[in-house]
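Below are the chains, spelled out letter by letter.
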Amino acid sequence: MNEFQEIARIRDEELRGQASGAGARALLASITAEEPVREPRRWPWKRLAAGALVTAALATAAVVGPSILNPPGSATSYANSALDIRFENNRWIARIKDPFADPEKYEEGFRAVGLDVKLQFAPSSPKMVGKIFSMGGSAAGSGENTEVGMEFEPADCEIDTPGCTLILRLGTSVTETVIKAGRPAKAGEQYANTPLSGDPQGSMPGYLFKGKRVGEVADEIRRRGLKLVYEIIDPAPDGGHFVNPFRQSEKVGRDWYVWESHDAALGAVRLLVTDKPVAPGTPAAGDVKDPGSGAG
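Residues numbered from 1 in each chain as written. Predicted model: local features only at pLDDT ≥ 70, side-chain atom pairs only at ≥ 80, totals over all residues. Heavy atoms only, no water.

Undergrad: An account of the overall build of the protein chain is requested, with residue identities and associated values reported.
TA: For the protein chain, the helix and strand inventory stands at 6 helices and 12 strands. Out of the 296 residues in the protein chain, the part that is buried amounts to 33%. For the protein chain, the accessible surface area stands at approximately 18500 Å², while carbon and sulfur atoms represent 55% of it. (Helix = DSSP H or I, 4+ residues; strand = E, 2+ residues; numbered from the N terminus. Buried < 20%, exposed > 50% of the residue type's maximum accessible area, 1.4 Å probe, protein only. Areas by Shrake-Rupley, 256 points an atom, 1.4 Å probe, with all protein chains shown as cover.)

What follows is the structure in structure tokens.
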């Protein structure tokens with residue numbers, strides 16, 4: 001006998017045969033005569049699933065709701081971190097907040113008001129900042145409804161100064177277009193356009209490059225604190241020129257000739273040079289009175 005048998009007050013053998021007694025039969029009849037009461041079964045996982053379903057429904061409503069209430073094209077204004085676009089004076093006015101923003105941010109704004117406009121900004125020389133480089137697309141009708149323009153507000157302000165805003169104007173019938181425009185270049189960025197260095201707003205305004213020897217021009221460029229890069233060209237019989245990619249690794253001599261000069265980046269100019277004399281009367285030497293002067 002173990003300790004658990006000592007603790008037990010009622011033993012199995014004492015109950016043997018009791019189920020067939022009169023009391024037992026009466027109790028059994030009473031129990032089986034009553035309809036059992038069943039407690040509802042609870043399934044916590046069903047509640048969680050239902051809660052998740054509601055959450056999903058709310059999330060769906062949050063996404064679908066605005067689209068239903070404000071379908072594309074129904075809005076007359078939209079703003080995000082890149083631009084603010086509004087319908088004013090029978091045209092669309094887009095005020096550019098950030099010319100360095102991801103192009104998708106501009107497209108987001110135009111889509112919100114029903115326009116298929118792709119606006120792209122590229123690094124440019126100072127005089128082309130805020131100017132349209134190229135444009136393509138479609139517009140129905142004619143006149144001011146097809147107008148596309150870019151300007152500063154107030155006029156002639158500097159884009160990187162407080163209170164200066166770049167504005168894109170679109171006529172009402174301009175529904176699909178791709179616009180590429182200039183923005184300020186960051187340090188080291190190559191210009192997307194090719195401004196002439198000798199132009200009034202170039203890095204060396206008024207300086208005559210064409211037909212001069214490379215040595216003289218290179219010395220002047222460095223004297224002005226500008227960086228210098230070369231692009232070797234071959235004059236063409238028709239008076240033009242072409243760039244031979246296989247010659248770009250050649251060493252440029254100081255006695256070579258300058259065909260033209262472009263501002264390549266902020267503080268850098270690109271000299272188009274050739275080892276052949278620039279023939280008088282060609283487009284490249286049109287403003288040179290004494291080709292070859294100033295040999296170094």
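After that view of the structure, there is still more to cover.
Undergrad: Help me get a handle on the state of the cysteines, residues and values and all.
TA: Under the criterion given, the structure shown has 1 disulfide. Put simply, Cys157 and Cys164 are joined by a disulfide, and their sulfur atoms are 1.9 Å apart. Handedness of the Cys157-Cys164 disulfide follows from its S-S torsion of about 70°: it is right-handed. For Cys157, a relative accessible area of 15% puts it in the buried group. (Disulfide = S-S within 2.5 Å.)

Undergrad: How would you explain the nonpolar core if you had to name every residue and give the values?
TA: Tyr106, Phe110, Leu115, Leu119, Phe121, Leu168 and Leu170 are the most contacted members of the largest nonpolar core, which totals 26 residues. Within the residue set of this core, elements represented by two or more residues are strand 2 (83-88), strand 3 (91-96), helix 5 (103-112), strand 4 (116-124), strand 6 (148-153), strand 7 (165-171) and strand 8 (174-184). With 16 residues, the next largest nonpolar core counts Met204, Ala218, Leu228 and Trp256 among its residues. (Core = buried A, V, L, I, M, F, W, Y, C linked by side-chain atoms within 4.5 Å.)

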